[in-house]
Structures are given as structure tokens and as C-alpha cells.
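# Remarks on the overall topology
One-letter residues, chain by chain:
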Amino acid sequence: GQQVMQIPQYQHVQEGEDFTTYCNSSTTLSNIQWYKQRPGGHPVFLIQLVKSGEVKKQKRLTFQFGEAKKNSSLHITATQTTDVGTYFCGTGGGGSNYKLTFGKGTLLTVNP
Amino acid sequence: NAGVTQTPKFQVLKTGQSMTLQCAQDMNHNSMYWYRQDPGMGLRLIYYSASEGTTDKGEVPNGYNVSRLNKREFSLRLESAAPSQTSVYFCASTRGSSGVNEQYFGPGTRLTVT
């Protein structure tokens, strides 16, 4: 099945700094989904990307899907303490089971 | 709508005991999933049910069984718990049709096996 590597594993920033997490694959991906999990909580869907070169924005969050559809990134501008959590990418195989394979996640901590 | 609900929220078992984790969704979703989450390991798929009446193994199925009781409910059973099964278990569901199929997660069950 498809696998995705997520880097970095941890990132600590000062409030106001930017943050980026990357999701990489050796094979072409049919889609990428991004989730956020607050400490002690459950993953919550943020967005799905399906097109080559696609860029989507949600307020301070920018999501990109690479031209070759082998990588994706999530960038947060001017982090806030509310951004703390683990960010996961997940990819579906495009089959009829709609299952996802997740990266191991990037834990973001923000120093106020 | 309650979304995805899971019971229990916490459980402590002794090695060799059995238990069933319950999951239900009220969104009329076709597909349901069970994951385990361990530190540094991300979310690993245990079993899934693409549609009512079907179940399939995921990445880490050993030691578990599942039942898709009806469209709403998908249970996970540990027949003989082992310390290696100490983890946080999440149930998730998705529409399972064309378009964006985001997964909705339950609040999780925190299981400790001693």
C-alpha cells in the first residue's frame, strides 16, 4: 500500500513564528488529507488535496500538493498557542474502501 | 448529531482478559475504521469495514476481531489482551462514496493492559 513519511517529527516554535510540516512519498499519491489532533483529543479533518500543484488556504494555514503528487506541505503563518497539536497527513489509495494511510505526524508546540 | 461515539472512554485489563470496544455513528456513513495510536507511531489501521456486511484487515490486525453489527455500529474485540495492546483506540467513519471522504473520529478509548 501507499506510504507517507512525515517530517519533522517534532517542532517547537515561539509564538508568532512560522511552521511547516512535510509529507513525502516515493509513489504518486491519488490524494492527501490533513488532520489536526489537539493534546488529549481526536484527529479532526482539515482539508483534502487531489490536484497536481493544488494550493488551498484556511486563514493562516496554507496547504500544497506537489506538481508530481508525491509530496505535500502544511504551512502555518504566525503561529498561535491554539495551533498546538499533532498534524497528520493521510493518503487514500483511491479504491472503494476509502481507507487512509497516515504519516506518523508532526507534534507542534508553541512557546507563548 | 452525536457524530462518532465510543465506549468505554477508559479501560484497564489484566493480561488474558477479553473485552469489546463499541463504536457507533449517526451520520449514515458506509465505511468505518478502527485505529490504534501509540507514541511516535501515528495512527495504524487495525480493521475496517468498507460497507455494511464487509470487514477487512488493516495494517495491524493480529490479536483483534471486529463485527459490523449494522450500518451504525462497528465493534472491536480483544479476545486475550496483552500488554502490547496498551494503546489509545480510535474509531472513525466516512461517507464512503464519491467526493471528499474525510474521516470523522470518535473521542477514543484509552486501554491499559497490565
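Structural notes, computed from the coordinates. (Residues numbered from 1 in each chain as written. Chains lettered and ligands numbered in written order. Predicted model: local features only at pLDDT ≥ 70, side-chain atom pairs only at ≥ 80, totals over all residues. Heavy atoms only, no water.)

### With respect to the sheet that holds strand S3 (residues 19-24) of chain A
Residue and element names in this part refer to chain A. Taken in spatial order, the five strands of this open sheet run S1-S3-S8-S7-S6, and their pairing is antiparallel. Of all strands in the sheet, those with a lone pairing partner are strand S1 (5-7) and strand S6 (55-58), marking the two edges. Each adjacent strand pair in this sheet contributes to an overall mean axis angle of 15°, direction not counted. Across six bridges, S3 lies against strand S8 (residues 71-76) in antiparallel orientation. (Pairing = 2+ DSSP bridges. Helix = DSSP H or I, 4+ residues; strand = E, 2+ residues; numbered from the N terminus. Axes fitted to C-alpha atoms, helices over the stretch in contact; angles between N-to-C directions.)

### Quick word on the sheet that holds strand S1 (residues 4-7) of chain B
Residues and elements named next belong to chain B. Spatial ordering of the open sheet is given by S1-S3-S8-S7, a layout of four strands whose pairing is antiparallel. Either end of the sheet is taken by a strand with one partner, and the two such strands are S1 and strand S7 (64-68). Adjacent strand axes in the sheet meet at a mean angle of 15° when their direction is disregarded. As defined by bridge partners, S1 adjoins strand S3 (residues 19-25) across four bridges and the pair is classed as antiparallel. Each bridged residue has a counterpart across the sheet, and for valine 4 the counterpart in S3 is glutamine 25.

### Here's the deal with the pattern of salt bridges
Residues and elements named next belong to chain B. Applying the stated criterion across every chain, the model contains five salt bridges over all chains. We note a salt bridge from arginine 36 to aspartate 38, for which the minimum N-O separation is 2.9 Å. According to the relative accessible area criterion, arginine 36 is buried, its value standing at 8%. Residues aspartate 38 and arginine 44 are paired through a salt bridge, measuring 2.8 Å at the closest nitrogen-oxygen approach. For aspartate 38, a relative accessible area of 12% gives the class buried. A relative accessible area of 17% places arginine 44 in the buried class. If you follow the salt bridges from partner to partner, you end up with Arg36, Asp38 and Arg44 in one network. (Salt bridge = Lys/Arg side-chain N within 4 Å of Asp/Glu carboxyl O. Buried < 20%, exposed > 50% of the residue type's maximum accessible area, 1.4 Å probe, protein only.)

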